Amino acid sequence: GVIVYEQAGRIHRLDPATRKHERLRLGVATDLVETRPRFAREPAKQVRSMDLSPNGHRAVLDVRGEIVTVPAKSKKGDARYVTRSPGVHERSPAWSPDGRSLAYFSDASGEYALVVRPADEGASPTTHALKGAGYYERLSWAPDSKRLAFTDNSRTLYVYDLTQKRQLRVGSEPVY
């Protein structure tokens, strides 16, 4: 005696006799085993990207969405977490040529943004909102450590000027 329909990605129910409709709220129960907290074995096999410090003494890694620095030689120090943010995906770290800063992308706000922080442990980061097609990658510092280049999901190349806090579009792939 009712009609159920989809509109704009939502499910609705219509009672033809009264001409009243209501949006139905549906939930799907699932185990989602892969989203449960768990001990991650062999983090070295889960490194997604990395960069070396200018002097080569440490490397910065993206390990399972966290940014970590490690010594080049195991007896020269410990691994240091730059980020400790469960539920946030940080990736594509890059060390500035002057060795003072680390940059990476973070989706802490719900959208990927550029994060720049001093390489010193415990220093506060600066987040820069980005304009583009999302999913930014190929982060690379300019030799003067004042600008960063990167691409977005539409294969557009950008340069972000840290002194002016301005994003410049350089060009894009015409076919993509």
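Residues numbered from 1 in each chain as written. Predicted model: local features only at pLDDT ≥ 70, side-chain atom pairs only at ≥ 80, totals over all residues. Heavy atoms only, no water.

Draft legend 1. Examining the side chain of serine 106 more closely. Mapping serine 106 onto the fold places it in strand β9 (residues 101-106). Within the local environment of serine 106, its side chain forms a polar contact with the side chain of glutamate 90, the two groups lying 3.5 Å apart. Sequence-distant contacts of serine 106, that is, excluding residues within four places in its chain, are made with Val88, His89, Glu90, Glu111, Tyr112, Ala113 and Val115. (Helix = DSSP H or I, 4+ residues; strand = E, 2+ residues; numbered from the N terminus. Polar contact = N/O pair within 3.5 Å; in protein donor to acceptor, adjacent residues only side chain to side chain. Contact = heavy atoms within 4.5 Å.)

Draft legend 2. Region of the structure containing the nonpolar core. Among the nonpolar cores identified, the biggest contains 15 residues, and Phe105, Leu114, Leu139, Leu148 and Phe150 are the most heavily contacted of them. Beyond its immediate chain neighbours, meaning those up to four positions away, leucine 148 contacts Ala103, Leu114, Val116, Leu139, Ser140, Trp141, Tyr158, Val159, Tyr160 and Leu162. In terms of nonpolar packing, the next biggest core, distinct from the first, is built from 7 residues, Ile67, Val82, Trp95 and Leu102 among them. (Core = buried A, V, L, I, M, F, W, Y, C linked by side-chain atoms within 4.5 Å. Buried < 20%, exposed > 50% of the residue type's maximum accessible area, 1.4 Å probe, protein only.)

Draft legend 3. Here's a closer look at the sheet that holds strand β15 (residues 166-172). Pairing is antiparallel across the open sheet formed by 4 strands, whose spatial order is β12-β13-β14-β15. Edge positions in the sheet fall to β12 (137-141) and β15, since each of these pairs with one other strand and no more. Adjacent strand axes in the sheet meet at a mean angle of 20 degrees, parallel and antiparallel pairs treated alike. Direction of pairing for strand β13 (residues 147-151) relative to strand β14 (residues 156-161): antiparallel, over a ladder of 5 bridges. Bridging across to β14, alanine 149 finds its partner in valine 159. (Pairing = 2+ DSSP bridges. Axes fitted to C-alpha atoms, helices over the stretch in contact; angles between N-to-C directions.)

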